[in-house]
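Listed below, chain by chain, are the residues.
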Amino acid sequence: MLTGQEYKDSLKDGRKVYFQGRLVEDLGAEPGLAAPLEAIASGYDKYYSSAPDAVNPVVSAPRSAAELRDRIPELMELDLCLNVTYQSLMTLLVASARMEGAAPVYIPRIHAYVEKARREDIRIVECITDAKGNRSLSPGKQDDPDAYVRVVERRDDGVVIRGAKLHISAAAFAHDMMVMPTKTMKPGEEDYAIACAVPVNAPGVHITNTTYHPLHGDPRDYPVSSHHSIPDSMCIFDDVFVPNERVFLDGETEHAAVFAHSLGLWERLGGVSFMVQQADELVGLASLIAEANGTARVQHVREKIDEMIIHATLLRAGLEAALANAHSTPEGYFYPDDMYTNVTKYQGATQFNTMVRHLHDIAGGAVVTAPSMADFDNPTLRPFLDKYMGTGAGIDGEYRTKLFHAIRDTTADAYGGWHLVTNVQAGGGLYAQRLVTRKNYDMDRARALALKAAGLSS
Ligand SMILES: Cc1cc2nc3c(=O)[nH]c(=O)nc-3n(C[C@H](O)[C@H](O)[C@H](O)COP(=O)(O)OP(=O)(O)OC[C@H]3O[C@@H](n4cnc5c(N)ncnc54)[C@H](O)[C@@H]3O)c2cc1C
């Protein structure tokens, strides 16, 4: 296994990572990238063991519903890079089981790759979402054939791929990118049915970075995002050679969707667990700021907090239902119920704005106008800030101002805006969750009940 320092050193491998148009020589020296680098390195230190055959215990599939449930607190603590590494390796294991009879050539490669990845303690990110060009056209009908990642050359020893994967979380901090098709492919789209593991430092790979990390100002004014930020990347594959042992699907269109479907099993649990925690955190912020403002007993404020509690509790109930109705793959890996997970994720995403609106309504305008923490350092200003930001009875100005900064940072600034979009789009978007819901809902039962109610059933 690697220590945090060994991990940081391992990224000095000639990778082409960019930040605001500049090629980055040292991730740790780039203000927008140093915090996530440190967070991921401390994830390495947390699980490090010097035993020669040690592997990270997190990277194993739950074998029972109880184990699945027990994973949640641990998942919530993982840095995102380790979380997606876990999801990527589990995806490969399930996909290989599903292709076993039909595409046997890939199975030993996948197993060898998973073993090596665990042994070498590398980090892997998921590269699914293509540029997609005109959304109404299939990959082969696009003006630009590279709108979806494709194979442009097949050699005896591997393939050459071209295209780009967009919005990829944490790509600059990984060792490998797990490239997989974003959707089902049809006959004639063989070049787009490509799944493979590409090293981040492979020649022809370029990684951009976009981040909500606060690049200016005092970190104390950004109490959450100055410590927790993960950039999202465009991963460009400019004719990148991938050797055969890293190719897990090439041309078998009938299996193109297996990888994305397998990923869904592992990805949603983390997404929904995070939403449940986020909803409780918003309730907590609303309660604390109402108390600090002296409005905790005001009727309309209490009602808004009640509504927030009801939403947060419904999300938790959805997560509980998904766990209580867990299923097992034929290989014996347990995953949460699709229907309950998707409904909960949909509900969390669509109600997030209402939660934030209630919080802003309760908190007041200081969410965006509270003095900076540096103002409190100024001896002339400090007594005035204590006096006018404080509300008496144990609520001092600094305490209340810190609450406002936490609310602004998480809901009304760059990080807050990122949450607004991410809740809706990440993991496939609202449309994808509606589709899963429609597919799994017991419509026959609902229709039978309706016919009975109408006196129309025999
Ligand atoms: C912060 C963040 C992190 C992410 N991390 C990752 C990651 O690590 N790896 C990864 O692979 N992806 C990642 N994603 C990508 C995410 O899965 C996509 O954003 C999502 O699938 C939507 O794709 P899109 O952004 O291209 O939007 P679009 O596909 O353009 O969707 C926009 C809207 O158009 C609709 N639409 C699009 N095409 C059609 C069509 N043919 N018919 C009907 N409606 C259509 C959609 O339903 C949606 O309402 C991340 C996204 C975000 C925001």
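Residues numbered from 1 in each chain as written. Predicted model: local features only at pLDDT ≥ 70, side-chain atom pairs only at ≥ 80, totals over all residues. Heavy atoms only, no water.

Draft legend 1. The arrangement of the packing of aromatic side chains in detail. Summed over all chains, the structure comprises six aromatic pairs. Each ring, one from Tyr-113 and one from Phe-248, has its centre 5.4 Å from the other, and the planes form 55°; the classification is tilted. Remark: Phe-248 occurs in strand E10 (residues 247–250) and Tyr-113 occurs in helix H5 (residues 106–120); sequence separation between them is 135 residues. Taken as a pair, Tyr-113 and Phe-248 share a single burial class, namely buried. A centroid spacing of 4.8 Å and a plane angle of 50° characterise the contact between Tyr-212 and Trp-418, whose relative ring orientation is tilted. With Tyr-212 in the loop between strand E8 (205–207) and strand E9 (232–243) and Trp-418 in helix H13 (residues 414–425), the pair connects residues that are 206 residues apart, well separated along the chain. You can call Tyr-212 buried: its relative accessible area is 9%. Given the relative accessible area of 27%, Trp-418 is considered partly exposed. Among the aromatic residues, those joined into a ring-pair cluster are Tyr-212, Tyr-415 and Trp-418. (Phe/Tyr/Trp six-rings, centres within 6.5 Å; stacked < 30°, edge-to-face > 60°. Helix = DSSP H or I, 4+ residues; strand = E, 2+ residues; numbered from the N terminus. Buried < 20%, exposed > 50% of the residue type's maximum accessible area, 1.4 Å probe, protein only.)

Draft legend 2. The arrangement of the site of the ligand in detail. Around the ligand sit 16 residues, and of these Ile-128, Thr-129, Lys-132, Arg-135 and His-167 come closest. Residue Glu-126 places a main-chain N or O atom 2.9 Å away from a nitrogen atom belonging to the ligand. One of the backbone nitrogen or oxygen atoms of His-167 is found 2.9 Å away from a nitrogen atom of the ligand. In isolation the ligand offers 960 Å² of accessible surface; the protein chains occlude 65% of this area. When residues of the shell around the ligand are traced back to their parent elements, those giving at least two are strand E3 (124–127), strand E5 (158–169) and H13. Here the residues of the shell around the ligand sort into five nonpolar, seven polar and four charged. (Near = heavy atom within 4 Å. Polar contact = N/O pair within 3.5 Å; in protein donor to acceptor, adjacent residues only side chain to side chain. Areas by Shrake-Rupley, 256 points an atom, 1.4 Å probe, with all protein chains shown as cover. Nonpolar A, V, L, I, M, F, W, Y, C, P; charged D, E, K, R; others polar.)

Draft legend 3. Structural detail: helix H7 (residues 299–324). For H7, which comprises 26 residues, the first-to-last C-alpha distance of 37 Å matches the rise-based estimate of 38 Å (1.5 Å per residue) to within 8%. Turning to H7, its buried residues are Val-301, Lys-304, Ile-305, Met-308, His-311, Ala-312, Leu-315, Gly-318, Leu-319, Ala-321, Ala-322 and Leu-323. Buried positions along H7 lie against helix H3 (65–77), helix H6 (256–293) and helix H8 (338–363). (Expected span 1.5 Å × (residues − 1). Contact = heavy atoms within 4.5 Å.)

Draft legend 4. Structural context of the environment of Leu-80. Structurally, Leu-80 is set in helix H4 (residues 80–99). Note on Leu-80: relative accessible area 35%, which makes it partly exposed. Once the C-alpha coordinates of Leu-80 and Ala-39 are considered, the two residues, 41 residues apart in sequence, prove to be 9.2 Å apart.

Draft legend 5. Quick peek at the sheet that holds E3. Taken together, four strands build an open sheet; the order of strands is E3-E6-E7-E10 and the sheet is mixed. The sheet is open, and its two borders are formed by E3 and E10, each paired with just one other strand. Direction aside, neighbouring strands of the sheet carry axes that sit 25° apart on average. When strand E6 (residues 176–179) meets strand E7 (residues 194–199), the two strands line up antiparallel, connected through four bridges. Bridge assignment links Val-179 to a residue of E7, and that residue is Cys-196. (Pairing = 2+ DSSP bridges. Axes fitted to C-alpha atoms, helices over the stretch in contact; angles between N-to-C directions.)

Draft legend 6. Focus on the layout of surface pockets. Estimated volume of the second largest pocket: approximately 250 Å³. Grouping the constituent residues of the lining of the second largest pocket by class yields six nonpolar, three polar and eight charged. (1 Å grid on protein atoms, 1.4 Å probe; cavity = no way out; pocket = protein on both sides within 12 Å on 5 of 7 lines; lining within 4 Å. Points joined across faces, edges and corners; volume = space filled by probe spheres on them.)

Draft legend 7. A look at unusual backbone geometry. Phi is positive for Ala-170, close to 70°, though the residue is something other than glycine. Relative to the helices and strands, Ala-170 resides in the loop between E5 and E6. Among the residues examined, Ala-170 registers a relative accessible area of 0% and is labelled buried. One non-glycine residue, Ala-393, lies in the positive phi region at around 45°. Note that Ala-393 resides in the loop between helix H11 (382–389) and helix H12 (397–411).

Draft legend 8. View of the packing of H3 against H6. In the contact formed by H3 and H6, the axes pass within 10 Å of each other and the chain directions differ by 65°. Classified by the angle their axes make, H3 and H6 are roughly perpendicular. The crossing of H3 and H6 is right-handed. Contacts between H3 and H6 involve Leu-68, Ile-72, Leu-75 and Met-76 from the first element and Leu-269, Ser-273, Phe-274 and Gln-277 from the second. Class assignment for the residues of the contact of H3 with H6 results in six nonpolar, two polar and no charged. (Parallel < 35°, antiparallel > 145°, perpendicular 65-115°, else oblique. Left-handed = near helix turned anticlockwise from the far one by under 90°.)

Draft legend 9. The arrangement of the pattern of salt bridges in detail. Under the counting rule described, the total for this entry stands at 23 salt bridges. With a shortest N-O distance of 2.7 Å, Arg-220 and Asp-218 are connected by a salt bridge. Judged by its relative accessible area of 39%, Arg-220 falls in the partly exposed class. Two residues, Arg-382 and Asp-386, come together in a salt bridge whose shortest N-O distance is 3.2 Å. Note that Arg-382 and Asp-386 are positioned in helix H11 at a spacing of four residues, about one turn of the helix. Classification of Arg-382 as partly exposed rests on a relative accessible area of 28%. Each of the salt bridges in this network shares a partner with another, and the network as a whole consists of Asp-146, Arg-150, Arg-162 and Asp-239. (Salt bridge = Lys/Arg side-chain N within 4 Å of Asp/Glu carboxyl O.)

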